[in-house]
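Reading the structure
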Amino acid sequence: MPRIRVNLKGKPSDYGLHPWIFRDRVKGVIGQGFEAAVYVKGKFFGSAFYNPEGKLALRFYSRDEEDFTAGLVYSRIKRARYEREKILGFKNAYRLFFAEADNMPGIIADVYGRGAVIQISSYGADKLRREIVEGFRMAGYRWLYEKSDSYARRQEGLEPYEGWHFYDEEISHVWVEINGLKFRVPIGGQKTGMYLDQRLNWEIVGRTMRGRSRVLDAFSYTGGFTLHLLKYGVEKVVAIDEDGDALGILRENVEANGFHKKTVETFTANVFDMLDSFLLAHERFDGIVLDPPAFAKGRNVSGARRGYFTLFDRALRLLDEGGLLAVFSCSRHIGFDLLEGEMTRAAKRLLREVKILYKLHQSPDHPVPVYFPDAEYLRGFLAIVY
Ligand code: SAH
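In short, a report on the structure.

What counts, and where the lines are drawn
Residues numbered from 1 in each chain as written. Predicted model: local features only at pLDDT ≥ 70, side-chain atom pairs only at ≥ 80, totals over all residues. Heavy atoms only, no water. Helix = DSSP H or I, 4+ residues; strand = E, 2+ residues; numbered from the N terminus. Polar contact = N/O pair within 3.5 Å; in protein donor to acceptor, adjacent residues only side chain to side chain. Contact = heavy atoms within 4.5 Å. Near = heavy atom within 4 Å. Nonpolar A, V, L, I, M, F, W, Y, C, P; charged D, E, K, R; others polar. Pairing = 2+ DSSP bridges. Axes fitted to C-alpha atoms, helices over the stretch in contact; angles between N-to-C directions. Salt bridge = Lys/Arg side-chain N within 4 Å of Asp/Glu carboxyl O.

Inspection of the secondary structure puts Asn51 in the loop between strand S5 (43–50) and strand S6 (56–62). A polar side-chain atom of Asn51 sits 2.9 Å from the main-chain amide nitrogen of Glu53. Here Gly54 takes part through its backbone nitrogen, which lies 3.2 Å from a polar atom of the side chain of Asn51. Non-local contacts of Asn51, meaning those with residues more than four positions away in its chain, are made with Arg23, Leu56, Ala57, Tyr123 and Glu156.

The next point concerns the site of the ligand. Lining the immediate surroundings of the ligand are 15 residues, of which Trp202, Phe219, Asp241, Val271 and Asp291 lie closest. Phe219 has a polar backbone atom sitting 2.9 Å from a nitrogen atom of the ligand. Within the side chain of Asp291, a nitrogen or oxygen atom sits 2.7 Å from a nitrogen atom of the ligand. Of the residues that constitute the shell around the ligand, the class distribution is eight nonpolar, three polar and four charged.

The strand order S2-S6-S5-S4-S1-S3 describes an open sheet built from six strands, whose pairing is mixed. Of all strands in the sheet, those with a lone pairing partner are strand S2 (20–22) and strand S3 (26–30), marking the two edges. Between one strand axis and the next, the sheet turns by 35° as a mean value, whatever way the strands run.

Another point: the pattern of salt bridges. Any two side chains of opposite charge can pair if their charged atoms end up close together. Enumeration according to the criterion identifies 27 salt bridges in this entry. For Asp126, the salt bridge identified is with Arg153, shortest N-O distance 3.1 Å. Taken together, the residues Asp126 in helix H2 (residues 123–127) and Arg153 in helix H4 (residues 151–155) connect sequence positions 27 residues apart. Arg284 is paired through a salt bridge with Asp320; the nearest N and O atoms lie 3.2 Å apart. Here Asp320 lies in strand S18 (residues 319–329) and Arg284 lies in the loop between helix H8 (271–280) and strand S17 (285–290), a separation of 36 residues in the sequence.

Here the focus is the sheet that holds S18. Across a sheet, strands are paired by hydrogen bonds formed along the backbone, either parallel or antiparallel in direction. Judged by pairing direction, the sheet is mixed, and its seven strands sit side by side in the order S16-S15-S14-S17-S18-S20-S19 without closing on themselves. The sheet is open, and its two borders are formed by strand S16 (264–268) and strand S19 (354–361), each paired with just one other strand. On average, each strand axis in the sheet is tilted by 15° relative to the strand beside it, whichever way the strands run. Two elements, S17 and S18, share five bridges in a ladder whose sense is parallel. Residue Gly287 lies in a different strand from S18, and its bridge partner there is Leu324. In the packing of helix H6 (residues 224–231) onto the sheet, the strands contacted are strand S14 (215–218), strand S15 (237–241), S16, S17 and S18, and the crossing angle to S15 comes to about 175°. This element, helix H9 (residues 302–318), spans S17, S18, S19 and strand S20 (379–385) of the sheet and lies at about 155° to S18.

Here's what the structure looks like:
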């Protein structure tokens, strides 16, 4: 692979180990290609993917002078596996590569049993897909599926891509075990198949809501929260999602774990509409989970503010005295301050007392490098409401 040389303006300490360099910091480019040796003040500074078009010019994959080869991908897999399996104790299903956080710019990989689903959203990684696929083969994975449909791809000038890279048996059903529960993973479904970033929160919410009589799981997908609530003895869960296929899998998951199917009621519907109908029908819950999709894709968060205010207002009206409320946001532009602010506004109008018991984050297989705080995107809290 022909390597190019990119010289940066300024001095090394201007940059630290931030994984990105924008075009306005580039002094000069020698050669053509998408793997660059980066220099500052004449000294080697790192190896990076180079995008000749985008505003985001360089994304570092190494601080050593090395090509992005299948061998490099293989060694990254080994290190990431060690962190997730040996340190975190995760098995069977976890996020193996969390892009920049694992020095794999724009590359996400979620492991499900003996295979993995990857998502590529950087220009360089898209061009070097062959090396990535080969790295997974070298590491012994039995199947590899790619689901590259993220919003970030468009910003790098890439079209969506989806399909199998390899498999050794026809795979339509993949089952994994998380926190002692079995889940069917729809390969080719939403995201990489599951929202693994919630795995610790499933457990915390389930444990705290243990034994409750009627809990609402709004935006349930395939039932991460529902199954954990059932595991902790919740008598009845009402799950809502607009994705009917996901709810079909949720019901399959309920039965596969030996819970009676009558313990769960599912509604294929818009959550906002359903909350209004529950209010009209005077329905009550002693626990509510709200885990909506990202309400803000960019910096404009006013729509998200309104969305959260409405959800909080409805949830507070539907909750019994002493009810528990768990709420999440998976948009990096929405901080705790916005969530708490909207919660306070809604609570004030209804004169309800709300106490935050837990502040919640993405699971640790989605780590946040200190040089790259943007990697933090999932925030939530679990509160008790009187
Ligand atoms: N709680 C899930 C993840 C939820 S992701 C888990 O822990 O696994 C967000 C979900 O919201 C998706 O399944 C999507 O289909 C659903 N969704 C998005 N907008 C919706 C709406 N307005 N009404 C109902 N469901 C919606």
